[in-house]
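# Tertiary structure, described
Spelled out from the first residue to the last, the chains are:
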Amino acid sequence: MRRSRFAVALAATCLMLASACGSNNSATQGQSEREAQTSNCPPVEDSEVDPNATFTWMYSVGNTSFDPNTITTNNSQMYLYPIYDSLVRIDAAGEPQPMLASDWKVSDDGLSITMNLIEGWSYHDGTPFDAQSVKANLERNKTPGGWNEQALADVTNVDVVDSNTVTITTKSGAPALIPILGGSAGMMMSPAVFNDPNQGLTPTGGSGAFRMTAYQPGSSVEYTAVDNYWDPEALKVAKMVYLISGDDNARLNSVITGQADSTFLRASMYQAAKDAGQVVCEAPSLSSYNISLNTQRSEFGSKEVREAINYAIDRDSIAAVTDGFCKPGIQMYPEFYYAANDDLSPDKYGYDPKKATELLKSAGLEGGFEFTLEVMNLAIYQQIAEIVQANLQAVNIKMNIVPVDIGKLADDFSVSKTADAALSEQKAEQDPSIQVESYMLPEGFNNPGGWTNDDIVKLAEEAKGGKTTEERAASYGKLFQLAYDEASPLVTLCHLTTPFVMNDQTMGVEIYADATRQFRGVAKKKA
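Heads up: these notes are all about the structure in this document.

Conventions used here
- Residues numbered from 1 in each chain as written.
- Predicted model: local features only at pLDDT ≥ 70, side-chain atom pairs only at ≥ 80, totals over all residues.
- Heavy atoms only, no water.
- Helix = DSSP H or I, 4+ residues; strand = E, 2+ residues; numbered from the N terminus.
- Rg over C-alpha atoms; globule rule 2.2 N^0.38 Å.
- Buried < 20%, exposed > 50% of the residue type's maximum accessible area, 1.4 Å probe, protein only.
- Areas by Shrake-Rupley, 256 points an atom, 1.4 Å probe, with all protein chains shown as cover.
- Arc of directions from axis to C-beta.
- Pairing = 2+ DSSP bridges.
- Axes fitted to C-alpha atoms, helices over the stretch in contact; angles between N-to-C directions.
- Contact = heavy atoms within 4.5 Å.
- Polar contact = N/O pair within 3.5 Å; in protein donor to acceptor, adjacent residues only side chain to side chain.
- Phe/Tyr/Trp six-rings, centres within 6.5 Å; stacked < 30°, edge-to-face > 60°.
- Salt bridge = Lys/Arg side-chain N within 4 Å of Asp/Glu carboxyl O.

## A closer look at the overall build of the protein
Each helix and strand in the protein was counted, giving 15 helices and 19 strands. The C-alpha atoms of the protein give a radius of gyration of 22 Å, which matches the 24 Å a tight globule of 527 residues would have. With respect to the principal axes defined by its C-alpha atoms, the protein has extents near 70 × 55 × 40 Å. For the protein, buried positions account for 60% of its 527 residues. On the protein, roughly 19600 Å² of surface is accessible, and the fraction owed to carbon and sulfur atoms is 47%.

## Description of helix α10 (residues 353-362)
Along α10, the positions that sit buried rather than exposed are A356, L359 and L360. Across the axial projection of α10, the buried residues extend over an arc of 100 degrees, all falling on one side. Turned more than 90 degrees away from the buried face of α10, the exposed residues are K354, K361 and S362. Of the residues one or two after α10, G364 is the one with positive phi, at around 80 degrees.

## Description of the sheet that holds strand β7 (residues 165-170)
Read across the open sheet, the 4 strands follow the order β4-β5-β7-β6; overall the sheet is antiparallel. Each of the sheet's edge strands pairs with one partner strand only, and the pair in question is β4 (101-106) and β6 (155-162). This sheet shows a mean twist of 20 degrees between the axes of neighbouring strands, independent of strand direction. In this sheet, β7 lies alongside strand β5 (residues 112-117) in antiparallel orientation, the contact comprising 5 bridges. Each residue of the ladder has a partner; that of T114, found in β7, is T167. In the packing of helix α4 (residues 131-141) onto the sheet, the strands contacted are β5, β6 and β7, and the crossing angle to β6 comes to about 170 degrees.

## Things to note about the environment of D50
Among the structural elements, D50 can be located in the loop between α3 (29-37) and β1 (54-59). Ignoring any residue separated from it by four or fewer positions in sequence, one finds D50 in contact with K236, K524, K525 and K526. A polar side-chain atom of D50 sits 3.0 Å from the main-chain amide nitrogen of N52.

## Concerning the packing of aromatic side chains
Scanning the entire structure with this criterion turns up 24 aromatic pairs. Geometrically, the ring pair formed by W147 and F445 is edge-to-face, given 5.6 Å between the ring centres and 75 degrees between the ring planes. Taken as a pair, W147 in the loop between α4 and β6 and F445 in the loop between α13 (432-440) and α14 (454-465) lie far apart in primary sequence, 298 residues in all. Its relative accessible area of 26% is what places F445 among the partly exposed residues. Taking 4.9 Å as the distance between ring centres and 65 degrees as the angle between the ring planes, the aromatic pair formed by Y337 and Y338 counts as edge-to-face.

## What to know about the pattern of salt bridges
Applying the stated rule across the entire model yields 17 salt bridges. Between E222 and K239 there is a salt bridge, with its nearest N and O atoms 3.7 Å apart. Of this pair, E222 sits in strand β9 (residues 220-225) while K239 sits in strand β10 (residues 239-244); the two residues are 17 residues apart in sequence, bridging distant segments of the chain. Assessed through its relative accessible area of 30%, K239 is described here as partly exposed. A single salt-bridge network, built from bridges that share partners, covers D46, E233 and K236.

Just geometry here; none of it tells us what the structure is for.
Encoded structure:
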């Protein structure tokens, strides 16, 4: 299997983390000092594993559903991975690996993929896992209005070859579908519970290593291991508990005091975690902080206005407030990823208030204008929003900040389409085609204004149909150049590095390229 530029970069990071991170985030002294202390996340030592242990993770936001097709935020997938296995698994380096599909083959014309499925496995409710259930899941996940509709929009047919084999046909290209089937679009749920509205809160039709056994919305989720799991090497704890707190200090303190085993870190937490003697490790990711503009609201239908906003924002100041954990960027992906355009360096939208003012004048807005930005109600997002607010005020744009929880943010901007703009973290999807469709195609979930460009639509189809990484990279490079030329309503601010903290009893935590939190194979040491 051909390795992407990102997979190579991440592999090097895992071997020489300090050096690799230095090349990505060398802007601040704090970052350089941090790199010298960084170590790999501890691997599993099989002789030390306690199979009866409970692993406790603490996160900042809750989920929106336990049904893979009715979630409304990317973050919610984290809460689904223990319950549902997918056809394909995306590993920490971003490469597709077998899961419920034991192997697969792409047709000579590149339009279909034939998958052989594992045998002898059943859903948690006793329904057999087979080719017919795979067909039912994919057809359900294609249903208009579901979370996975766009991800599977290219699928034209799912044929059952025999009880353990399916052939999936696409109109543009099967290679792009393989990683897509490693996320919620490829998660397998018992068809017997498809019509049960309670699955969003009390799932019983899972296919993964754990059942959900307790749930307190906004507070905690408990998962208990299933009996005789089909992949026993990937199941090394008896339970997992996910705790939820939007207070960063509370999350870190939970690890230091032993209430939790691990959490992710923001810039303000890093040194405190090191000083407390905790295990800290990090890796670059494909995620970013961005502002999304609704081109049907305020003045955002104007290309000059969108360009002005990009020039008015001081991305270096945003990077500084994250202590170098977020490197300035202006395109959807960091430059080391295969889908990125190498020529679109941050200086293409260098901080230039004078140019921003001139662009507003050419748009007939010399007196400025006003809009409202909805932002996640967590400290780092509000800090970034305040920097942007000050930047825009300097060019006579008044931006009002409204903090909301993640569910309302998604509903207001993407569902009801009533928000002018939204600031959030763009979580990387399993394949670039999903994000391009979501943000840059006219029916995209995160494109409520329907902004697009005919050439971008064509290039999106071309990239999806590419048979090799090189072919797809060339198409995406052209696509992101056009997105820059046309000032797309996705305003990328910076690209994130993902740091984790954990106690010295925890093993096997992996930091994923797409910033997902999967915890497959996580373990605890014997007391």
